[in-house]
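Inside the fold
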Protein chains: 2
Amino acid sequence: MAKKQKIFKPKARKPRGFRDRLGDEIVAEREMLARISAVYEAHGFDPLETPAFEYTDALGKFLPDVDRPNAGVFSLTDDDDQWMSLRYDLTAPLARYVAEHYDGLPKPFRRYAVGPVWRNEKPGPGRFREFTQCDADTVGAPAPYADAEMCMLFADVMEAAGIARGDYVIRLNDRRLLTGLLETTGLAGDGEAESARRGIVLRALDKLDRLGEEGVKLLLGPGRKDESGDFTDGAGLDAAQIDRVISFVTATAQTNTKTCARLREIFEGSETGLVGVETLKVMTNELAALDYKEDRIKIDLSIIRGLEYYTGPVFEADLTFAAKDEKGRPVRFDSVGGGGRYDGLVKRFKGVEVPAVGISVGVSRLLTALDYKKAGDSAPRGPIVVLALEKDRMASYQAMAAELRAAGFRAEVYLGGSNFAKQLKYADKRAAPLAIIQGSDERENGEVTIKDLELGAELSKNIEDNKEWREDQPAQFTVKRTELVEAVKKTLASKP
Amino acid sequence: MAKKQKIFKPKARKPRGFRDRLGDEIVAEREMLARISAVYEAHGFDPLETPAFEYTDALGKFLPDVDRPNAGVFSLTDDDDQWMSLRYDLTAPLARYVAEHYDGLPKPFRRYAVGPVWRNEKPGPGRFREFTQCDADTVGAPAPYADAEMCMLFADVMEAAGIARGDYVIRLNDRRLLTGLLETTGLAGDGEAESARRGIVLRALDKLDRLGEEGVKLLLGPGRKDESGDFTDGAGLDAAQIDRVISFVTATAQTNTKTCARLREIFEGSETGLVGVETLKVMTNELAALDYKEDRIKIDLSIIRGLEYYTGPVFEADLTFAAKDEKGRPVRFDSVGGGGRYDGLVKRFKGVEVPAVGISVGVSRLLTALDYKKAGDSAPRGPIVVLALEKDRMASYQAMAAELRAAGFRAEVYLGGSNFAKQLKYADKRAAPLAIIQGSDERENGEVTIKDLELGAELSKNIEDNKEWREDQPAQFTVKRTELVEAVKKTLASKP
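Residues numbered from 1 in each chain as written. Chains lettered and ligands numbered in written order. Predicted model: local features only at pLDDT ≥ 70, side-chain atom pairs only at ≥ 80, totals over all residues. Heavy atoms only, no water.

Another aspect to go through is the overall build of chain A. Helices and strands together make up the secondary structure of chain A, namely 18 helices and 19 strands. Taken against the 2.2 N^0.38 rule, which gives 23 Å for 496 residues, the C-alpha radius of gyration of chain A at 29 Å runs more than 25% over that of a compact globule. Within chain A, the fraction of its 496 residues that count as buried is 52%. Counted over contacts in chain A with a minimum sequence separation of 6, partners at least 24 positions apart contribute 70%. When the accessible surface of chain A is summed, it comes to about 22300 Å², and 50% of that surface belongs to carbon and sulfur atoms. In chain A, 74 positive and 81 negative side-chain charges are present, and the distance between their average locations comes to 5 Å. (Helix = DSSP H or I, 4+ residues; strand = E, 2+ residues; numbered from the N terminus. Rg over C-alpha atoms; globule rule 2.2 N^0.38 Å. Buried < 20%, exposed > 50% of the residue type's maximum accessible area, 1.4 Å probe, protein only. Contact = heavy atoms within 4.5 Å. Areas by Shrake-Rupley, 256 points an atom, 1.4 Å probe, with all protein chains shown as cover. Lys, Arg positive; Asp, Glu negative; His and termini not counted. Charge placed at Lys NZ, Arg CZ, Asp CG, Glu CD.)

Next comes the structure, spelled out in structure tokens:
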């Protein structure tokens, strides 16, 4: 109430890297999540919702960007001085939940989860610090059957999300192949330095499709300077080691059977590697028996999935259809989901290994991709707007809207003021298909005018003469007030 | 990999005041939110989703607990040293959004929002620091018609959420009645101290049903010491002032018309008060014309809604049905939602008043209340579990599950190990209605056994003799493998 005081006016802006979403995008995401959730539920997964916050020590540090192990999460101290962090994925909270309730859970424990996660990273175009994940995990089931089921579930989920068969592929690899390869390449050391070096190799290979073979070779060897001049340390492998690693990741054959046969040769003598080969063999046999062929699920040895916690099979969902942006340039889609086996994640709490496998669907990337698919669809349609021309007749306008809603239409009364042109402009801005108009003339005759705004917009494109337009007005007509709902039904039924 | 090193094992626990939710509770909330959202959409509201974070200066301080104006939110600094806070409601982010996009928005702007909010408060039983809100607001529409619509929407939402007509009431008051009352009671001063004093009065009255008349009188007067010995400062009114205020908040009549008539007398000569009376009069006239009578929407002068930002009508949704807890004691429900007009909220950014009115539904309280209503309903049912008895036949079990899913059932294969008893125990723990069993005998005969776990549980209650049970086993039967789906359909169709 301090009227004369200079009042601080904050600038209305959202924090960097966050976004607002309105209308159709939310509805599209909600519908996709409902369809995916239904697939998870049909497969016996129950929903689990954990808090946005976890204690920082319980969350652990399993972020993709291990180059910055202390960054990446939003953290604060609670009033009892314990550090809490916002979850950066849905897997770490699952590990905490399973460890907390281990004895009481049915095992295997199947749960799915849908919700926002937060990453305290540098925002960029299309790169947000808050986004939705949609995961399914099976905890307490060993490889390989639970893993095969995850691959099939992943394929089913893609199709439920609206990606047609043939437009996606679930790529499959096994982390132990790489481990075996590194062992037989003389990188089997047990110490932390050696382990870190294997991590560098994994992350380097993960960049194969982004940096190409030459870029990856630099990262496997001496290190690499990027365009901006930043230098990334390399793993320090020699030329023979690099060749061996690269020739492995490019050894994928046309069929899963052939790839498995090739792998058996490569890994002769590597115990770790052969466990991976055998797992892939059993999995792909089961997939083939259930008719999930290479068009849906295919071994691809270049799939790495950077996360260090994976211990067995890893999966990645990729889109394979061609799309072009508005300038006609081909669009390259990032992977729309990934997953794998992580037998060690609960061990952090329990001290014992608990086998677990899961997938995570990249919801916003899927939505973006689907937008390319259905480009050209009709624009979204807003509610029917009942104009409010006489202030003291508001109840009668609300009654019209209520009748239309009862008949299944979206409908609202304009509540902003009595200016007629402004009301019609509002209806246009809302993309209303129809405006319902009852001035005093119509009211006295027991009538109501229905203005077809979509037809009107269509016609006005073809009419040059403003006078002709006003005289003709084929896009609006008058009916008895008692026939309002029927007339609206008929008008909207005739539209596409 | 440092095997001999002592490894830190964090304790698996969630942060204080947060909770995990599993299965049916999530499904129930999701379904309720879908029904409420459908009502909002039918009335022309579009969904808006804002980020979890807002800049702290943009969020402002409109928390209910104005006694602790600097507490209440979770805040942290971004890496550019700007303070960000997690949203504590969905209204403050709406104000920021409207201010940021004001010129481009259709006006009135109708939006609804669903999502979690966070309060950095002391947790208690049933009092969580993260919970879901579900709001609808109309920005840019003046009183009283937008306010009347909000009341009707509120009633429709209660019924969509599953509260029958007669089991709830939307209580209605106008903040300007109280302001007028305070003015005519000699509390009209313009300074900050006087404004703060009026705030104390508002918050005192808001505690009427919790503290009773005597407790509130202390808060209006000298102040009050609670059971724990904590002292709350009072507003310092004298006895005559206190009487006047109390007699107003207890003056509600049976019908809205009578209450309005009474109010006209009370506020004769108070300009502010009469604006409030006139607003309520127009609103209740419209409500009556649209058949929203006192059984659904009723003026109640004791409704305060503590938030200081309200500037006109305020609403509160209360449940009126009787319920008892498990010990037979009557349960008192807190209000399940509230709202009102707040014409000043966008002013913080824009410098000009933007009329706005909205409601917020307390989703978890509604769910709790509904639980009392439907107590005694059947327990939730899990997926059909296909046992996996022969390791190398996994694909055939998955094929059975896939067939059942294609027929519309939830179905999964047990993936944990081959022990038969353990598998049946798992099926029980999952509340599976049926277990599907194919051992080697059944397989060789082209058959499959269907075990009715619900019927089995029912029968085993009545059977004393374990031997009789095993010989009889009416709860399981064998069918041809090709008839699996049909037999499951028939069995489940015969159940409640």
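Right, let's get into the pattern of salt bridges. Residues and elements named next belong to chain B. In the structure shown here, the tally under the stated rule is 85 salt bridges over all chains. Across the pair Arg 171 and Asp 318 runs a salt bridge, and its minimum N-O distance is 2.9 Å. With a gap of 147 residues between them, Arg 171 in strand 8 (residues 168-174) and Asp 318 in strand 12 (residues 313-319) connect regions that are remote in the sequence. Residue classification places Arg 171 among the partly exposed residues on the basis of a relative accessible area of 22%. Judged by its relative accessible area of 9%, Asp 318 is buried. A salt bridge links Asp 343 to Arg 341; the nearest nitrogen and oxygen atoms lie 2.8 Å apart. What makes Asp 343 buried here is its relative accessible area of 17%. (Salt bridge = Lys/Arg side-chain N within 4 Å of Asp/Glu carboxyl O.)

The next thing to look at is the interface of chain A and chain B. With 104 residues of chain A at the contact, the number on the chain B side is 104 residues. If you look at where chain A meets chain B, you find 24 salt bridges. For the salt bridge of Glu100(A) with Lys14(B), the shortest nitrogen-to-oxygen distance reads 2.8 Å. Along the contact surface separating chain A from chain B lie 54 residue pairs in polar contact (both at pLDDT 80 or more). Classifying every residue of the side of chain A that touches chain B gives 49 nonpolar, 15 polar and 40 charged. (Polar contact = N/O pair within 3.5 Å; in protein donor to acceptor, adjacent residues only side chain to side chain. Nonpolar A, V, L, I, M, F, W, Y, C, P; charged D, E, K, R; others polar.)

Here the focus is the sheet that holds strand 4 (residues 75-77) of chain B. Residue and element names in this part refer to chain B. The strand order across the open sheet formed by 3 strands is 3-5-4, and the pairing between neighbours is antiparallel. Looking along the sheet, the strands with just one partner apiece sit at the ends: strand 3 (53-55) and strand 4. In this sheet, neighbouring strand axes are inclined to one another by 35° on average, regardless of whether the strands run parallel or antiparallel. Of the pairings in the sheet, the one linking strand 3 to strand 5 (residues 83-86) comprises 3 bridges and is antiparallel in character. Bridge assignment links Tyr 55 to a residue of strand 5, and that residue is Met 84. (Pairing = 2+ DSSP bridges. Axes fitted to C-alpha atoms, helices over the stretch in contact; angles between N-to-C directions.)

Here is the key point about a regular strand: its side chains alternate between the two faces of the sheet. Residue and element names in this part refer to chain B. Bridge analysis of strand 4 against strand 5 gives 3 bridges, and the strand direction is antiparallel. Bridging from a neighbouring strand, Leu 76 pairs with Met 84 of strand 5. With antiparallel pairing between neighbouring strands as the criterion, strand 4 and strand 5 make up a hairpin whose turn holds 5 residues, including Asp 81 at a positive phi of roughly 70°.

Residue and element names in this part refer to chain A. Reading across from one edge, 3-5-4 is the order of the 3 strands in this open sheet, with antiparallel pairing throughout. At either margin of the open sheet sits one strand with a lone partner, and together these are strand 3 (53-55) and strand 4 (75-77). Geometrically, the sheet is characterised by an average inter-axis angle of 35° between neighbouring strands, direction not taken into account.

We now examine the relation of the copies chain A and chain B. Once chain A has been moved 0.0 Å along the axis and rotated by 180°, it coincides with chain B to within an RMSD of 0.1 Å. Both copies of the chain, as the preceding transformation shows, are related through a two-fold rotation axis. Ranked by how close their C-alpha atoms come to the rotation axis, the residues of chain A are headed by Leu76(A), at 3.1 Å. Taken together, the interface assignments show that 100% of the residues at the interface of chain A recur at the interface of chain B, consistent with an identical surface on both copies. (Least-squares fit on C-alpha atoms with pLDDT ≥ 70 in both.)

What is shown is where atoms sit, not what they do.
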